[in-house]
Amino acid sequence: MATAEALTFVWEGTDRKGARIKGETNATNEMLAKADLRRQGINPIKVRKKPKPLFSRKKRIVGKDIAIFARQLATMMQAGVPLVQAFDIVGRGHENPAMQEMIMGIKGDVEAGTSLAEALGKYPLQFDDLFRNLVQAGEQSGALDRLLEKIATYKEKTEALKGKIKKALFYPAAVLVVAFIVSAILLIFVVPQFQELFQGFGADLPAFTQMVISLSEVFQKWWWAIFGGIGLALYTLIESNKRSPAVHRAIDKASLRIPVVGDILRKSAIARFTRTMSTMFAAGVPLVEAMDSVAGATGNAIYAEATLKMKDEVASGTQLQHAMRQTGLFPNMVVQMVAIGEESGSLDDMLTKVADFYEEEVDNLVDGLSSLLEPLIMAILGVIVGGLVIAMYLPIFKLGSVV
């Protein structure tokens with residue numbers, strides 16, 4: 001049964017001493033808001049729905065919001081705060097209205113008798129299968145606070161890893177965009193000025209200069225088609241990556257072959273695989289059942305396919321280490337650590353160690369990539385801008401030598 005959406009009410013009233021006070025409260029309707037105020041010893045005089053600001057727009061809920069929410073909830077439950085009260089505290093104190101609305105909605109469901117796992121299931125975009133499965137395991141075992149602690153740690157590690165990957169990919173992409181925009185501005189606005197100057201020379205222009213002028217004429221005439229075509233191509237690629245599994249797989253496969261960046265993405269996928277597997281296994285989730293969530297958490301279609309194949313092999317009695325080796329995607333060190341974990345009965349500890357190692361590797365690779373790209377970027381921009389400048393000054397140098 002769906003619960004009503006929590007609203008924010010602005011109120012004015014008097015306290016037990018008769019002093020005039022005012023504030024805000026969250027409730028599903030005005031009657032409940034007044035009842036809540038009376039329970040607090042406040043006599044409500046005016047209670048009205050808080051107006052929404054003009055041109056307001058809710059901030060999107062991102063992974064970092066969910067990680068912080070998990071940590072806050074885990075901390076409060078470990079401190080002995082009841083679950084419903086913890087939701088109330090976290091929800092009221094959140095700066096993101098969309099997040100606040102979602103938390104208060106979950107609180108309402110839990111108050112109505114719904115399990116936390118089921119309440120979270122109403123928000124599948126924010127709480128994935130792994131999150132809900134671990135919460136369900138915690139509720140069934142009576143150790144929800146401990147499982148929430150594991151979820152919080154997992155989400156924090158995962159978000160930190162995502163941040164590193166974005167950092168590695170954003171830098172070169174931003175440089176390419178800046179280089180293209182600078183070149184387009186020079187070709188559209190600067191080169192034509194020199195072209196008018198060269199028309200009065202009465203001599204043949206150098207081949208390099210003529211090539212740049214021809215390119216400039218194309219940009220002047222078709223700039224809208226060039227920018228529109230690039231924008232349309234990027235939009236089509238992004239949407240196809242979201243909607244078409246075949247395109248998504250092809251992009252993920254190709255990205256693993258990119259020098260340096262491919263190594264970062266590969267080690268990131270291994271780190272996510274081992275971190276997720278460790279968290280699920282430590283929570284008591286059976287290995288075969290855990291691998292569906294693990295596949296979705298790897299962040300790469302190739303590793304997701306391999307994980308689902310491994311799931312079938314493990315379900316038929318194959319050891320995890322042998323299933324991993326047959327995929328050819330996991331380094332020997334990872335397979336050996338898993339083998340030791342299986343033999344010693346400490347698979348979750350071994351997987352955690354592997355995840356820590358590869359997360360540190362990704363961090364080092366991202367820092368190394370940044371250091372490598374800085375001089376490379378300067379060189380690329382220098383060649384592009386310098387080449388255009390030289391092309392424009394070559395005729396002037398030629399004219400000077402003739403004179």
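Residues numbered from 1 in each chain as written. Predicted model: local features only at pLDDT ≥ 70, side-chain atom pairs only at ≥ 80, totals over all residues. Heavy atoms only, no water.

So, about the overall build of the chain. Across its full length, the chain carries 15 helices and three strands. Seen through its principal axes, the chain has C-alpha atoms that stretch 95 × 65 × 35 Å. In the chain, the proportion of contacts linking residues at least 24 apart, taken out of those at least 6 apart, comes to 60%. On the chain, roughly 22400 Å² of surface is accessible, and the fraction owed to carbon and sulfur atoms is 60%. Taking the average location of the 45 positive side-chain charges in the chain and that of its 42 negative ones, the two points are 6 Å from each other. (Helix = DSSP H or I, 4+ residues; strand = E, 2+ residues; numbered from the N terminus. Contact = heavy atoms within 4.5 Å. Areas by Shrake-Rupley, 256 points an atom, 1.4 Å probe, with all protein chains shown as cover. Lys, Arg positive; Asp, Glu negative; His and termini not counted. Charge placed at Lys NZ, Arg CZ, Asp CG, Glu CD.)

For the rest of this paragraph, the subject is unusual backbone geometry. For residues other than glycine, phi is negative in most cases, and the peptide bonds are mostly trans. Of note in this structure, Val-260 is not a glycine but carries a positive phi near 65°. Within the fold, Val-260 resides in the loop between α9 (245–255) and α10 (261–282). On the basis of relative accessibility, which here comes to 36%, the residue Val-260 falls in the partly exposed class. (Buried < 20%, exposed > 50% of the residue type's maximum accessible area, 1.4 Å probe, protein only.)

Moving on, we get to the packing of helix α7 (residues 144–198) against α10. Direction vectors running N to C along α7 and α10 enclose 175°, while the axes themselves pass 11 Å from each other. By the angle between their axes, α7 is roughly antiparallel relative to α10. Counting all contacts with α7, which are made through Arg-146, Lys-150, Tyr-154, Lys-157, Leu-161, Lys-162, Ile-165, Ala-168 and Leu-169, the residues of α10 involved are Val-261, Ile-264, Leu-265, Ser-268, Ala-271, Arg-272, Arg-275, Thr-276, Thr-279 and Ala-282. Taken together, the residues of the contact of α7 with α10 break down into 10 nonpolar, three polar and six charged. (Axes fitted to C-alpha atoms, helices over the stretch in contact; angles between N-to-C directions. Parallel < 35°, antiparallel > 145°, perpendicular 65-115°, else oblique. Nonpolar A, V, L, I, M, F, W, Y, C, P; charged D, E, K, R; others polar.)

Viewed as axis vectors pointing N to C, helix α2 (residues 63–78) and helix α4 (residues 97–111) meet at an angle of 45°, and their least axial separation amounts to 11 Å. With respect to α4, the element α2 is oriented oblique. Relative to α4, α2 is oriented so that their crossing is right-handed. Each of Asp-65, Ile-66 and Phe-69 in α2 lies in contact with α4, whose residues at this interface are Met-99, Met-102 and Ile-103. Split by residue class, the contact of α2 with α4 holds five nonpolar, no polar and one charged. (Left-handed = near helix turned anticlockwise from the far one by under 90°.)

What follows covers the packing of aromatic side chains. By the definition in use, this model includes nine aromatic pairs. Judged by centre distance (5.5 Å) and plane angle (65°), the rings of Phe-180 and Phe-227 are edge-to-face. Of this pair, Phe-180 sits in helix α7 while Phe-227 sits in helix α8 (residues 207–243), placing them 47 residues apart in sequence. What makes Phe-227 partly exposed here is its relative accessible area of 35%. (Phe/Tyr/Trp six-rings, centres within 6.5 Å; stacked < 30°, edge-to-face > 60°.)

It is worth spelling out the nonpolar core at this point. Within soluble globular proteins, side chains that are nonpolar tend to cluster in buried spots. In this structure, Phe-87, Ile-106, Leu-116 and Val-135 are the most contacted members of the largest nonpolar core, which totals 39 residues. Those elements giving two or more residues to this core turn out to be α2, α3 (83–93), α4, α5 (116–120), α6 (129–141), α7 and α11 (287–297). Looking at which element gives the most residues to this core, the answer is α2, with seven residues. Filtering out sequence-adjacent residues up to four positions away, Leu-116 remains in contact with Leu-83, Phe-87, Ile-106, Val-110, Val-135, Glu-139 and Leu-144. Ranked by size, the runner-up nonpolar core spans 38 residues in total, among them Leu-161, Ala-269, Leu-287 and Ala-323. (Core = buried A, V, L, I, M, F, W, Y, C linked by side-chain atoms within 4.5 Å.)

Another point: a nonpolar patch on the surface. Together, Val-178, Val-182, Leu-197, Val-385, Val-389, Tyr-393, Ile-396 and Phe-397 line one region of the surface with nonpolar side chains, adding up to about 630 Å² of accessible area. Elements represented by at least two residues in the nonpolar patch include exactly α7 and α15 (347–402). By residue number, the principal contributor to the nonpolar patch is α15, which donates five residues. Looking at the element boundaries, Leu-197 is found in helix α7. A residue is classified by how much of its surface remains accessible, and Leu-197, at 45% relative accessible area, is partly exposed. (Patch = residues over 30% accessible without salt bridge, like charges linked within 9 Å, V, L, I, M, F, W, Y side chains within 5 Å. Salt bridge = Lys/Arg side-chain N within 4 Å of Asp/Glu carboxyl O.)

Another point: the sheet that holds strand β2 (residues 20–27). Sheet architecture is open: three strands sit in the order β2-β1-β3, paired in antiparallel fashion. Looking at the sheet topology across the chains shown, the edges are occupied by β2 and β3 (43–49). Across the sheet, the mean angle from the axis of one strand to that of its neighbour is 25°, orientation sign disregarded. As paired strands, strand β1 (residues 7–14) and β2 are joined by eight bridges and run antiparallel to one another. Across the sheet, residue Gly-13 finds its bridge partner in β2, namely Ile-21. Set on the sheet, helix α1 (residues 30–39) makes contact with β1, β2 and β3; between it and β3 the angle comes to about 145°. (Pairing = 2+ DSSP bridges.)

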